[in-house]
Amino acid sequence: MTALTLSHVYKSFGKVEVLKDISLDVDVGEFVVFVGPSGCGKSTLLRVIAGLEDATSGEIRIAGDVVNRTPPAKRGIAMVFQSYALYPHLTVRDNMALALKQERQPKDVIADRVAEAARMLNLGDYLDRRPAELSGGQRQRVAIGRAIVRQPKLFLFDEPLSNLDAALRMNTRIEIANLHKTLGATMIYVTHDQTEAMTLADKIVVLRDGRIEQVGSPMDLYNNPANQFVAGFLGAPS
Ligand code: ADP
Ligand code: MG
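Quick caveat: nothing in here was measured; it's all calculated off a predicted structure.

Rules and cut-offs
Residues numbered from 1 in each chain as written. Chains lettered and ligands numbered in written order. Predicted model: local features only at pLDDT ≥ 70, side-chain atom pairs only at ≥ 80, totals over all residues. Near = placed C-beta within 6 Å. Helix = DSSP H or I, 4+ residues; strand = E, 2+ residues; numbered from the N terminus. Nonpolar A, V, L, I, M, F, W, Y, C, P; charged D, E, K, R; others polar. Pairing = 2+ DSSP bridges. Contact = placed C-beta atoms within 7 Å. Axes fitted to C-alpha atoms, helices over the stretch in contact; angles between N-to-C directions. Expected span 1.5 Å × (residues − 1). pLDDT = per-residue confidence, 0-100. Core = buried A, V, L, I, M, F, W, Y, C linked by C-beta atoms within 7 Å. Buried ≥ 20, exposed ≤ 12 C-beta atoms within 10 Å, placed from the backbone. Parallel < 35°, antiparallel > 145°, perpendicular 65-115°, else oblique. Left-handed = near helix turned anticlockwise from the far one by under 90°.

What to know about the site of ligand 1
Inspection of the region around ligand 1 gives Phe13, Val18, Gly36, Ser38, Gly39, Cys40, Gly41, Lys42, Ser43 and Thr44 as its neighbouring residues. In terms of residues, the shell around ligand 1 owes the most to one element, helix α1 (residues 42–50), which gives 3 residues. A per-class count over the shell around ligand 1 returns 3 nonpolar, 6 polar and 1 charged.

See the structure below:
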């Protein structure tokens, strides 16, 4: 089954065309990584999928349904940002519970899902703390927990590790890979880090200047880059 289908998606800001004819299929359970240089449109593409920006034209389907006119909260997606975007005045528990409270989920459902996410992310001892009392890595795990509790059909990650130091980046990357296995969820992950792309992806989408340059498995792209640009990005010797 297809988790996400993009058909000829374009996005302009004023006269500037930022996404150009993006077509892509993502299978259920797949881990897809978008790579490309700064400014090539990676975040815009995620925001269009999430519904935080409207596509100028083209069609977006999630689990078969056209969602172009569906508001973000109803798309069955959850997004994790580089900046965490936690509420400083709320505890870890309340940060994770907030979206579920807004959905008016029953209290026991909320408590169960928060406890389960905290267990998966080793945050059990931190539930009563506020974000200022956590390390950067712990804050990013809370942001991931906030996504997990919503049980989304599709996870979107926008450079989630780029504010972490090298050691934490590796640990958190491994946690995200484990989470993908445990949850069997579909994940789309933006990075400009080759190692993250090569180690996490089932499928890599290389973007350049708002267009898809090449799509393939890490080994496909490494061994058979379509051009010098892709080769340069994925570190294959030329
Ligand atoms: P990336 O995430 O790959 O670094 P972005 O998607 O953030 O790239 O940006 C792609 C291009 O779109 C950039 O040229 C950026 O300046 C432009 N852009 C992004 N958001 C807006 C916006 N809200 N208004 C105008 N231009 C934007
Ligand atoms: Mg970006």
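Next, the rest of the story.
Structural notes on the pairing of strand β9 (residues 203–208)
Pairing between strand β3 (residues 31–35) and β9: 4 bridges, direction parallel. Directly across from Val35, in β9, lies its bridge partner Val206. With 5 bridges connecting them, β9 and strand β10 (residues 211–216) associate as antiparallel partners. Paired with Arg208 across the two strands is Arg211, which belongs to β10. Hairpin connection between β9 and β10: a loop of 2 residues separates the two successive antiparallel strands, and Asp209 in this loop has a positive phi of roughly 50 degrees.

As for the sheet that holds strand β5 (residues 65–66)
Remark on secondary structure: sheet strands pair via backbone hydrogen bonds, oriented parallel or antiparallel. In spatial order, the strands read β2-β1-β4-β5; together these 4 strands make up an open sheet with antiparallel pairing. Each edge of the sheet is formed by a strand with only one pairing partner; in this case those strands are β2 (16–27) and β5. Packing against the sheet, α1 makes contact with β1 (2–13), β2 and β4 (57–62), and its axis sits at approximately 65 degrees to β2.

Brief notes about helix α5 (residues 166–183)
Between its first and last C-alpha atoms α5 spans 26 Å; for 18 residues at 1.5 Å apiece the expected length is 26 Å, and the two agree. A positive phi of about 60 degrees marks Gly184, the residue just after α5.

Examining the confidence of the model for the chain
Looking at the chain as a whole, its pLDDT mean stands at 94, while 98% of the residues score no less than 70. Interface confidence in the predicted complex, given as ipTM, is 0.98; pTM for the same model is 0.94.

Some remarks on the nonpolar core
Formed by 66 residues in total, the largest nonpolar core has its most connected members in Val33, Leu156 and Ile188. Residues within four places of Val33 in sequence aside, it is in contact with Tyr189, Thr191, Ala197, Leu200, Ala201 and Ile204.

Considering the packing of helix α4 (residues 136–148) against α5
Look at α4 against α5: their axes get within 10 Å of each other, and the N-to-C directions meet at 25 degrees. Relative to α5, the element α4 is oriented roughly parallel. Crossing handedness for the pair α4 and α5: right-handed. Residues Gly136, Gly137 and Gln140 of α4 touch α5, and the partners they reach there are Leu168, Asn171 and Thr172. Of the residues that constitute the contact of α4 with α5, the class distribution is 1 nonpolar, 5 polar and no charged.

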